[in-house]
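One-letter residues, chain by chain:
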Amino acid sequence: VYRQHNLTKEALQKYLDNTFLTRTEANVEIIADFVKKGLVYQPSYRTKFYGKYTLKNTLTEDSFVKFEFPFPVNSQNTEISNARLIVNGVEITDAKSRINPVALSTDYYPSDSDGLKWEGKIPKNQDSAIEVSYDTVGLSIFNYEGLENSKKAQDLQFTLTITGTRSYNVTGGLSVDKREFGANYVKLFWNKQNLYS
């Protein structure tokens, strides 16, 4: 990236050291349904994802960053639609990209996967908001790997609503802070302040 944008290694290191993720707010809705195939009913899932990421630049000059968001596991076997990447209120129209998630867990992502990417500047001494949204159909497992702050802690607010069933299984990851049950839904809340990992 720094070669492509004529940046020095020193400038890139300065940007990495002083521009970081301070907050993640995400809302996911999973709509469970059942489709009849022959004599049996098989589960079907629709998922709506929205995430807002706040990046802070503590420098007295603009900082250059590359933001990559991989689509979820098994996306090659399902559909991704309505994918949008918005930076400070402006939609990035050419954000679709092949992502090589070197820093991400290979347990969940293949060596190359589809996703959204943006490269650009964050103004000096300011926050920038990056919003990601997409819809899927057919995922039997929803996994959110998350974006980690490599230098400091971040605040995380994550809400997951499962409509169509009250049955769910959290197989790993962060502990759920609050649960809300309704007639035909369950809502799970993660609210972590100063989260380090």
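Refer to the preceding data block for the structure.
Residues numbered from 1 in each chain as written. Predicted model: local features only at pLDDT ≥ 70, side-chain atom pairs only at ≥ 80, totals over all residues. Heavy atoms only, no water.

**Focus: the side chain of Thr-161**
With respect to the secondary-structure elements, Thr-161 resides in strand β9 (residues 154-163). Residue classification places Thr-161 among the buried residues on the basis of a relative accessible area of 14%. Setting aside chain neighbours within four positions, we find Thr-161 in contact with Val-28, Glu-29, Ile-30, Val-186 and Lys-187. (Helix = DSSP H or I, 4+ residues; strand = E, 2+ residues; numbered from the N terminus. Buried < 20%, exposed > 50% of the residue type's maximum accessible area, 1.4 Å probe, protein only. Contact = heavy atoms within 4.5 Å.)

**Re the side chain of Thr-24**
Structurally, Thr-24 can be placed in strand β1 (residues 19-37). Within the structure, Thr-24 has its side chain in polar contact with the side chain of Gln-154 (distance 2.7 Å). Not counting the four nearest positions on each side in its chain, Thr-24 is found in contact with Lys-52, Tyr-53, Tyr-144, Gln-154, Asp-155, Leu-156 and Gln-157. (Polar contact = N/O pair within 3.5 Å; in protein donor to acceptor, adjacent residues only side chain to side chain.)

**What about the pattern of salt bridges?**
Using the criterion set out here, one finds ten salt bridges in the structure. We note a salt bridge from Lys-56 to Asp-127, for which the minimum N-O separation is 3.5 Å. With a gap of 71 residues between them, Lys-56 in strand β2 (residues 40-57) and Asp-127 in strand β8 (residues 127-137) connect regions that are remote in the sequence. Among the residues examined, Asp-127 registers a relative accessible area of 42% and is labelled partly exposed. Of the charged contacts, one joins Arg-98 and Asp-114 as a salt bridge, the two residues approaching to 2.9 Å between their closest N and O atoms. Placement of the pair is Arg-98 in strand β6 (residues 96-99) and Asp-114 in strand β7 (residues 113-122), with a sequence separation of 16 residues. Of the residues examined, Arg-98 reaches a relative accessible area of 52% and is grouped as exposed. One network of salt bridges, with partners in common, ties together Arg-23, Glu-25 and Asp-155. (Salt bridge = Lys/Arg side-chain N within 4 Å of Asp/Glu carboxyl O.)

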